[in-house]
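Structure at a glance
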Amino acid sequence: MSEPSGKVSSFFSLEFTPELAEIRIAFEDWAKEIDDFSRPLKDVARLFRAHERRQFETEGSQTGARWEKLSTKGAKGGYDAWKARRFPGQPILQRSGVLYRAMTQKGAPGSIEKVDRKNLFVGINPRARVTSKGGGPTPLPVYARANDRGALVGPGRKNVLPSRPIVRFDGSFEDKNKKSFGYAVSQIMQAYIVKSRKVSLAERAVSKGEMTRQQAESVAKGAESTYKRTVDAMIGRGLV
């Protein structure tokens, strides 16, 4: 948690790979009472992987322009035909499935998810490697970045690999952008803050004799249920 200048009292900065993208989400001052955000950050990781599954399954069209089709230039129909012969039915960027699984499945080879009280790192393991066509093992982050941003490849680096954004989302979190990824993240984080606040206030009420333990447990149960519904709703949405 950081303290920027101005009226915003605190924010989270979440970074994703292969392309670094930042979301900053402002909270009320009482969010500073919470010192462990590991649980909602794990749910944000789930949100990210669900978002990436849709990105791959729609070949980029859920967040913008559809990924450019595979090249048909060259002998025997080019790379498009080569892939169709050797990996029939596999969508773009899912030849072997290594990149897809690394971005969409927790614990998959090549993936990483590190969460602590106030930080989240999710996506591709920097040490992961993948075997490329006609070559030896290539670091998976390099392979992902080349496809994400575009690159010059092949003999003499004369062939153009078009950009097919793997990580692409709208980071805005205002209410007017309720279909944005950033808005979904903000809702999860805010729901957790509200849940924690309710539980904390109930515990204080018990200590002051203003609420019974049974009543406090009922408050906690309701707050937990609301939080889970919010998380499930955000993860189940198609986001941009």
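A brief structural summary.

Cut-offs used in this document
Counting restarts for each chain: residues are numbered from 1 in the order of the written sequence. It should be noted that, the model being predicted, local features are given only for residues of pLDDT at least 70 and side-chain atom pairs only at 80 or more, the latter also being counted only at that level, while totals for whole chains, interfaces and linings use all residues. Hydrogens are left out, water is left out, and the side-chain values use all remaining heavy atoms of the structure. Only C-alpha atoms enter the line fits that serve as axes; for helices the fit covers just the stretch in contact. Angles between N-to-C directions range over 0 to 180 degrees. Starting at the N terminus, helices and strands are each numbered in turn, a helix being any DSSP run of H or I of at least four residues and a strand any DSSP run of E of at least two. In what follows, roughly perpendicular refers to angles from 65 to 115 degrees, roughly parallel to angles under 35, roughly antiparallel to angles over 145, and oblique to any angle outside these ranges. Two residues form a contact once any of their heavy atoms are found within 4.5 Å. All amino acids are sorted into three groups, where Ala, Val, Leu, Ile, Met, Phe, Trp, Tyr, Cys and Pro are nonpolar, Asp, Glu, Lys and Arg are charged, and the leftover types, Gly among them, are polar. Remark: exposure states derive from per-residue accessible area (1.4 Å probe, protein chains only) relative to the maximum for the residue type, with buried under 20%, exposed over 50%, and partly exposed in between. When DSSP finds two or more bridges between two strands, those strands count as paired.

1. Considering the packing of helix H5 (residues 181-207) against helix H6 (residues 213-235)
One can describe the packing of H5 onto H6 by two numbers: an axis separation of 9 Å at closest approach and a directional angle of 180°. The orientation of H5 with respect to H6, classified from their angle, is roughly antiparallel. Contacts from Ala-184, Gln-187, Ile-188, Ala-191, Tyr-192, Lys-195, Lys-198, Val-199, Ala-202, Glu-203 and Val-206 of H5 reach H6 at Arg-213, Ala-216, Val-219, Ala-220, Ala-223, Glu-224, Tyr-227, Thr-230, Val-231 and Met-234. Taken together, the residues of the contact of H5 with H6 break down into 14 nonpolar, two polar and five charged.

2. With respect to the pairing of strand S4 (residues 120-124)
Within S4, four of the five residues are buried, which leaves the element mostly enclosed by the surrounding structure. Pairing analysis gives five bridges linking strand S3 (residues 111-115) to S4, with the strands arranged antiparallel. When the sheet's bridge partners are listed, Glu-113 is paired in S4 with Val-122. Counting the residues that bridge the hairpin from S3 to S4 gives four residues.

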